Amino acid sequence: MNWTLEVVPVPVSDMDRSKEFYAGKVGFAVDLDNEVAPGVRIIQMTPAGSRCSIALLSGMPPAPGTKEMAPGTLQGLQICVTDIEAARAELVERGVDVSPVRHVGESGWTEGKGGTWNSFMTFEDPDGNGWMVQEAPSELSER
C-alpha cells in the first residue's frame, strides 16, 4: 500500500493575507477556496510540480486526538527546486524576504552553494511559519 503525503495544514491568522502571500508572492496555484461548512473555510494550494499541497484552515476544529497549531508554529517545511539561484531570484522579484543561499560546511551553515543536495535558502510567511528550499539534482519525476 502506498502512503502518499498529499496535504499539509499550515496555521495562519489571516486567510486572505496568507492566500495573497502563497499564491501572489511564492507562486502556489490555488486549487480550492471554499467554505466547506458554516464558518469553516479551506484554501488549498499547490507548488508548481508538487504532488503535495498546503491547506490554510479557518474555523476547522482539531480532529479528535490531534492538537491545534498556533499561527507561525510550523517550521521546516521543505520544497525542492533544480536551480536554487533562479528560484531565489524569482522569490526576491516577487517581494519575498528570502535568505541567501547557504550550505552546510565544516563549521556549520556557510553562504553560497554546496554540493549535491547541499544548497538551501529559507523564508517565512506573514505569520512566521518557516520554509526551507533545497536544490535537488533533478526533477522529482526523474528521481
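Above this text sits the structure in question.
1. Here's the deal with the sheet that holds strand β4 (residues 53-58)
Read across the sheet, four strands follow the order β1-β4-β3-β2 without closing on themselves; strand pairing throughout is mixed. The open sheet has two edge strands with one neighbour each: β1 (7-10) and β2 (29-37). Averaged over all neighbouring strand pairs, the angle between strand axes comes to 25 degrees, with direction disregarded. Here seven bridges tie β2 to strand β3 (residues 40-46), and the two strands are oriented antiparallel to one another. Residue pairing for β3: N34 is matched across the bridge by I42.

2. Some thoughts on the side chain of D125
Secondary-structure assignment places D125 in the loop between β8 (120-124) and β9 (130-135). Buried and unpaired, D125 has R17 as its nearest opposite-charge partner, separated by 6.7 Å. Looking at D125, its side chain comes within polar contact range of the side chain of N129, at 2.8 Å. Those residues in contact with D125 that lie beyond four places of it in its chain are V10, V12, F21 and Y22.

3. A word on helix α2 (residues 84-93)
Where α2 is concerned, the buried positions are I84, A87 and L91. The buried residues of α2 occupy an angular sector of 60 degrees when projected down its axis, which confines them to one face. A side-chain oxygen of the first residue of α2 lies 3.3 Å from the backbone nitrogen of E85; this N-cap is D83. After α2 finishes, the residue G95 shows a positive phi value of roughly 95 degrees.

4. Topic: the environment of Y22
Considering the arrangement of structural elements, one finds Y22 in helix α1 (residues 15-25). Given the relative accessible area of 0%, Y22 is considered buried. When the C-alpha atoms of Y22 and I42 are compared, they prove to be 14 Å apart, with 20 residues separating the residues in sequence. Once residues within four sequence positions are removed from consideration, Y22 is found in contact with V10, G27, F28, M45, I54, L56, D125, N129 and W131.

5. Quick word on the pattern of salt bridges
Applying the stated criterion across every chain yields a total of six salt bridges. Two residues, K113 and E135, come together in a salt bridge whose shortest N-O distance is 3.1 Å. Residue K113 is located in the loop between β7 (108-111) and β8, and its partner E135 is located in strand β9; the two are separated by 22 residues in the primary sequence. For K113, a relative accessible area of 37% corresponds to the partly exposed category. Among the charged side chains, a salt-bridge network with shared partners connects D16, K19, D33 and R41.

Rules behind the numbers
Residues numbered from 1 in each chain as written. Predicted model: local features only at pLDDT ≥ 70, side-chain atom pairs only at ≥ 80, totals over all residues. Heavy atoms only, no water. Pairing = 2+ DSSP bridges. Helix = DSSP H or I, 4+ residues; strand = E, 2+ residues; numbered from the N terminus. Axes fitted to C-alpha atoms, helices over the stretch in contact; angles between N-to-C directions. Buried < 20%, exposed > 50% of the residue type's maximum accessible area, 1.4 Å probe, protein only. Lys, Arg positive; Asp, Glu negative; His and termini not counted. Salt bridge = Lys/Arg side-chain N within 4 Å of Asp/Glu carboxyl O. Polar contact = N/O pair within 3.5 Å; in protein donor to acceptor, adjacent residues only side chain to side chain. Contact = heavy atoms within 4.5 Å. Arc of directions from axis to C-beta.

Purely geometric numbers; function is a separate question.
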